[in-house]
Amino acid sequence: MSATSPESGKLLWSHRGEQLRGGTAADGQRAFAIFSASKGNRLAAFDLKTGKALWTTPADVKLGGAFPPIVDSGRVYLMNEDGYVDAHNAATGS
């Protein structure tokens, strides 16, 4: 996962090391992504300008499909292939 400057096209930051699942979402301040690793799936938030990891939390949904996180009104929503939805606080991950 990485971010580039819309003005210059330069790479601003990148995050490596885990498999990204289902795309990303952003709310203007933070970028959100679901990662799959040997310890299980997790939802992570990064500062949109610096790429600094802000929080991470287990993604307790079945992630067989490739559904990206959805961000709206201060919440991050994760949907699984069975139609269940989990909501997390965008600022804290709770």
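Since we're looking at a predicted model, the values are computed, not measured. (Residues numbered from 1 in each chain as written. Predicted model: local features only at pLDDT ≥ 70, side-chain atom pairs only at ≥ 80, totals over all residues. Heavy atoms only, no water.)

Q: Help me understand the overall build of the protein chain in this model?
A: Along the protein chain, the regular secondary structure elements total zero helices and nine strands. Taken against the 2.2 N^0.38 rule, which gives 12 Å for 94 residues, the C-alpha radius of gyration of the protein chain at 13 Å falls within 12% of a compact globule. Its C-alpha atoms give the protein chain principal-axis dimensions of about 40 × 30 × 20 Å. Buried positions account for 31% of the 94 residues belonging to the protein chain. (Helix = DSSP H or I, 4+ residues; strand = E, 2+ residues; numbered from the N terminus. Rg over C-alpha atoms; globule rule 2.2 N^0.38 Å. Buried < 20%, exposed > 50% of the residue type's maximum accessible area, 1.4 Å probe, protein only.)

Q: Would you explain the pairing of strand β2 (residues 11-14) in this entry?
A: Residues in a regular strand point their side chains to alternate faces of the sheet. Bridge count between strand β1 (residues 2-4) and β2: three bridges; the pairing is antiparallel. When the bridges of β2 are listed, Ser-2 appears paired with Ser-14. (Pairing = 2+ DSSP bridges.)

Q: I'm lost on the confidence of the model for the protein chain in this one. Help?
A: Detailed reading of the predicted model is not advised wherever pLDDT is low. Of the residues in the protein chain, 91% have a pLDDT of 70 or more, and the chain-wide mean is 85. Taken element by element, the predicted model of the protein chain shows its lowest mean pLDDT in strand β3 (residues 19-26) (82) and its highest in strand β7 (residues 70-72) (95). (pLDDT = per-residue confidence, 0-100.)

Q: What's the story with the side chain of Thr-57 in this structure? I'm lost.
A: Tracing the sequence through the fold places Thr-57 in strand β6 (residues 53-58). Contacts of Thr-57, omitting those with residues within four sequence positions, involve Arg-42, Leu-43, His-88 and Gly-93. (Contact = heavy atoms within 4.5 Å.)

Q: Is there a simple way to explain the sheet that holds β3 in this structure?
A: Sheet strands pair via backbone hydrogen bonds, and the direction of the pair is either parallel or antiparallel. The four strands lie next to each other as β3-β4-β5-β6, forming an open sheet whose pairing is antiparallel. Two strands lie at the open edges of the sheet, namely β3 and β6, each paired on one side alone. Ignoring which end each strand starts from, the neighbouring axes of this sheet average 20° apart. Of the pairings in the sheet, the one linking strand β5 (residues 40-47) to β6 comprises five bridges and is antiparallel in character. The residue bridging Leu-43 from the neighbouring strand is Thr-57, located in β6. (Axes fitted to C-alpha atoms, helices over the stretch in contact; angles between N-to-C directions.)

Q: It is not clear to me how unusual backbone geometry should be interpreted in this structure. Could you clarify?
A: A negative phi holds for most residues other than glycine; trans holds for most peptide bonds. Of note, the phi angle at Ser-73 is positive, near 50°, even though the residue is not glycine. Here Ser-73 shows up in the loop between β7 and β8 (75-79). The exposure class of Ser-73 is exposed, given its relative accessible area of 63%.

Q: Explain the side chain of Arg-42 here, please?
A: Tracing the backbone through its elements, the reader meets Arg-42 in strand β5. Within the structure, the side chain of Arg-42 is placed 2.7 Å from the side chain of Thr-56, a separation counted as a polar contact. Excluding anything up to four places from it in sequence, Arg-42 contacts His-15, Glu-18, Ala-33, Ile-34, Phe-35, Thr-56, Thr-57, Pro-58 and Ala-59. (Polar contact = N/O pair within 3.5 Å; in protein donor to acceptor, adjacent residues only side chain to side chain.)

Q: Just to check I follow, could you spell out the environment of Asn-80 for this structure?
A: Relative to the elements of secondary structure, Asn-80 occurs in the loop between β8 and β9 (85-89). A relative accessible area of 7% places Asn-80 in the buried class. Along the sequence, Asn-80 and Phe-67 sit 13 residues apart, while their C-alpha atoms lie 7.1 Å from each other.

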